[in-house]
Amino acid sequence: MSKLWGGRFAKEMDELLERFNASIRFDQRMYAADIQGSIAYAHALEKVGILTAEETRALVDGLNAVLAEFDAGTFAFLPSDEDIHTAVERRLGELIGEAAGKLHTGRSRNDQVATDMRLYLLARIPVSREHLKGVQRAIVDKAEAHLDVIMPGYTHLQPAQPILFSHWLMSFFWMVQRDMERLDDLTRRVSVMPLGGAALAGNTFGINREALAVELGFARISENSLDAVPGRDFVAEILFCAALLQTHLSRLAEDLILYATAEFGFVELDDAYSTGSSIMPQKKNPDSLELVRGKTGRLVGNLVALLTTLKGLPSTYNKDLQEDKESLFDTLDTLDIELPVVAGVISTLRLNAEGMASALRDDLLATELADYLVRQGLPFRQGHHLVGQAVRAALAKGCGLRDLSVAEYQAISPYFGDDVHDVLDFRRAIEQRSVPGGTATAAVQAQIEKAKALLNL
Ligand code: ARG
């Protein structure tokens, strides 16, 4: 098989190495970016007189014809097509003849592949962004529709204080919001054009990089070819952003898996997002959410894989860098399916308000009693201690805090008044927390309003 770089070689490449070396299997998806970059590069070469107007037209027409073949799914790969760059150039040569050989003047696959990946991502990030918004919309809709539902809030997975279900759900809105902001922020660093860096040291034909960047839609050009051509910080950033997003989704999944158990019985997943068991007919399993939780290993792994590849690389391009793509594409593809699934799970989720209400144990109100004693003039620490005694008294009696009589409270401390039972109310406990960011209905409503404004709803 003759190679585009074959001139120096007397012998064919080992067949296994040919397979080992090739990236066409996974980088062919960047064909549109590759061709877009080449068309702009042809224009740049024309401006510096390397290509005549006629040659440029032939190249651009040829590249568009190759693009059409890819778009139509008719592009015929050859076993010798090592990567997307060589495949496009090979086909271009078949279509337009010798002029194709001028396209690569002053360019290297090194600055080409870095440019392709950035262009590919600039087109792809807005898709992920929309999917993230879909998840956020599902959260906001659900939270707004069920603002009256109370559930136990947990720390250490032990019942802690009553909260609104909507407050719990909205906590994930803000996590995803930060993921979105991170994505927007890193896009500025993706939008930097390495083209013109050539193999490592820069283009020799005086091409106008600024004009090239404008034509390709990049915000800026890179400042140092040795940094820009092999630089994969932007890939690491996306993989981190995705790994952290995935960690958030995994925690949401874990909560919901737990809340959907028979033991908790707080929520029920829609049939459309559940699966059955092949042996136990009664089962309805939350496989959708388990996969969300499970994919975290993979997405975090993709980040670690790239960082490990980058660590210790000697300066400028090394073939190790080809290993950046499969992790990146895998992460992006995973998110593309997963985010709409997560949105679907949330928007079809059924709440069991009674189930949550029956899990509201009296001891979730212990803090209210301590706060009560503070309002009676006791230091909080002392109040905390006395309420601890009330909890013990209730435990000993086998009853709840609401079932202890005023006399029993007063036996613990005279600071407990006749009105002590007034504070032992779940709704009251929630509405007490009206501080911005708290679980009171008005505070959660304010949160939802802010969230809607961010979504332009
Ligand atoms: N397939 C290669 C990659 O993904 C393209 C760049 C090849 N450059 C080279 N000097 N062999 O990194």
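Rules and cut-offs
Residues numbered from 1 in each chain as written. Predicted model: local features only at pLDDT ≥ 70, side-chain atom pairs only at ≥ 80, totals over all residues. Heavy atoms only, no water. Helix = DSSP H or I, 4+ residues; strand = E, 2+ residues; numbered from the N terminus. Rg over C-alpha atoms; globule rule 2.2 N^0.38 Å. Buried < 20%, exposed > 50% of the residue type's maximum accessible area, 1.4 Å probe, protein only. Contact = heavy atoms within 4.5 Å. Areas by Shrake-Rupley, 256 points an atom, 1.4 Å probe, with all protein chains shown as cover. Lys, Arg positive; Asp, Glu negative; His and termini not counted. Charge placed at Lys NZ, Arg CZ, Asp CG, Glu CD. Pairing = 2+ DSSP bridges. Salt bridge = Lys/Arg side-chain N within 4 Å of Asp/Glu carboxyl O. Phe/Tyr/Trp six-rings, centres within 6.5 Å; stacked < 30°, edge-to-face > 60°. Lys NZ or Arg CZ within 6 Å of the ring centre and 35° of its normal. Axes fitted to C-alpha atoms, helices over the stretch in contact; angles between N-to-C directions. Parallel < 35°, antiparallel > 145°, perpendicular 65-115°, else oblique. Left-handed = near helix turned anticlockwise from the far one by under 90°. Nonpolar A, V, L, I, M, F, W, Y, C, P; charged D, E, K, R; others polar. Near = heavy atom within 4 Å. Polar contact = N/O pair within 3.5 Å; in protein donor to acceptor, adjacent residues only side chain to side chain. Patch = residues over 30% accessible without salt bridge, like charges linked within 9 Å, V, L, I, M, F, W, Y side chains within 5 Å.

Okay, the overall build of the chain next. Of regular secondary structure, the chain possesses 18 helices and six strands. At 31 Å, the chain has a C-alpha radius of gyration far larger than the 23 Å of a compact globule built from 457 residues. Expressed as lengths along the three principal axes of its C-alpha atoms, the size of the chain is roughly 100 × 50 × 40 Å. For the chain, the residues scored as buried account for 49% of the 457 residues in total. Here the analysis covers contacts within the chain between residues at least 6 apart in sequence; of these, 75% occur between residues at least 24 apart. By element, 55% of the accessible surface of the chain is carried by carbon and sulfur atoms, the whole surface being about 21800 Å². Of the charged side chains in the chain, 47 are positive and 63 negative, and the gap between their average positions amounts to 3 Å.

In this section: the pairing of strand β2 (residues 158-164). In this sheet, β2 lies alongside strand β1 (residues 150-155) in antiparallel orientation, the contact comprising six bridges. Opposite T155, over in β2, you have Q158 as the bridge partner. Between the antiparallel neighbours β1 and β2 lie two residues, among them H156 with a positive phi of about 55°.

Attention now goes to the pattern of salt bridges. Charged atoms that come close allow side chains of opposite charge to pair. Following the criterion strictly, the structure yields 32 salt bridges and no others. Note that R188 and D185 form a salt bridge whose closest N and O atoms lie 2.9 Å from each other. Taken together, the residues R188 and D185, both in helix α7 (residues 165-190) and three residues apart, mark about one turn of the helix. The class of R188 is exposed, set by a relative accessible area of 51%. Since its relative accessible area comes to 32%, D185 is described here as partly exposed.

This brings us to the packing of aromatic side chains. Across all of its chains, the model carries 15 aromatic pairs by this definition. A ring pair is formed by Y259 and F264, whose centres lie 5.8 Å apart and whose planes are at 45°; its orientation type is tilted. Among the aromatic side chains, those forming a connected cluster through ring pairs are Y154, F165, W168, F172, Y259, F264 and F266. When the ring centre of F234 is taken as origin, the NZ or CZ atom of R118, which lies over that ring, is 4.0 Å away.

Moving on, we come to the packing of helix α14 (residues 366-375) against helix α15 (residues 380-397). The N-to-C vectors of α14 and α15 enclose an angle of 135°; their axes lie 8 Å apart at closest approach. Comparing the axis directions of α14 and α15 gives the class oblique. Crossing of α14 against α15: the hand is right-handed. Residues A366, L369, A370, D371, L373 and V374 of α14 lie in contact with α15, whose contacting residues are F380, G383, H384, L386, V387 and V391. Classifying every residue of the contact of α14 with α15 gives nine nonpolar, two polar and one charged.

Within the chain, L157 stands out as a residue other than glycine whose phi angle is a positive 60°. By the secondary structure assignment, L157 is in the loop between β1 and β2. In this model, N456 sits at a positive phi of 55°, which is unusual for a non-glycine residue.

Around the ligand, the structure places S23, D83, H85, R109, N110, V113, Y317, Q322 and K325. Bound to the protein, the ligand loses 86% of the 340 Å² it would expose on its own. Broken down by element, the shell around the ligand gets its largest block of residues, three residues, from helix α6 (residues 109-145). Residues that form the shell around the ligand fall into these classes: two nonpolar, four polar and three charged.

Okay, the packing of α6 against helix α18 (residues 441-454) next. With their axes 10 Å apart at the nearest point, α6 and α18 run at an angle of 150° to one another. It follows that α6 is roughly antiparallel to α18 by the angle criterion. Here α6 and α18 pass one another in a crossing that is left-handed. Residue-level contacts link V140, A143 and E144 of α6 to I448, E449, A451 and K452 of α18. Of the residues in the contact of α6 with α18, the class split is four nonpolar, no polar and three charged.

Another aspect to go through is the environment of V60. Following the sequence through the fold, V60 ends up in helix α4 (residues 53-72). Residue V60 is classed as buried on the basis of its relative accessible area of 14%. When the C-alpha atoms of V60 and Y31 are compared, they prove to be 15 Å apart, with 29 residues separating the residues in sequence. Apart from residues lying up to four places away in sequence, V60 is in contact with I39, A42 and H43.

We now examine the side chain of K142. Within the secondary structure layout, K142 lies in helix α6. Buried charge without a salt bridge: K142, with D270 as the nearest opposite-charge side chain at an N-O distance of 8.7 Å. There is a polar contact of 3.4 Å between the side chain of K142 and the backbone oxygen of S347.

In this section: a negative patch on the surface. A cluster of acidic side chains, namely D418, D419, D422 and D425, defines a negative patch on the protein surface. By the element assignment, D425 lies in the loop between α16 (406-412) and α17 (426-432). For D425, a relative accessible area of 34% translates into the label partly exposed.

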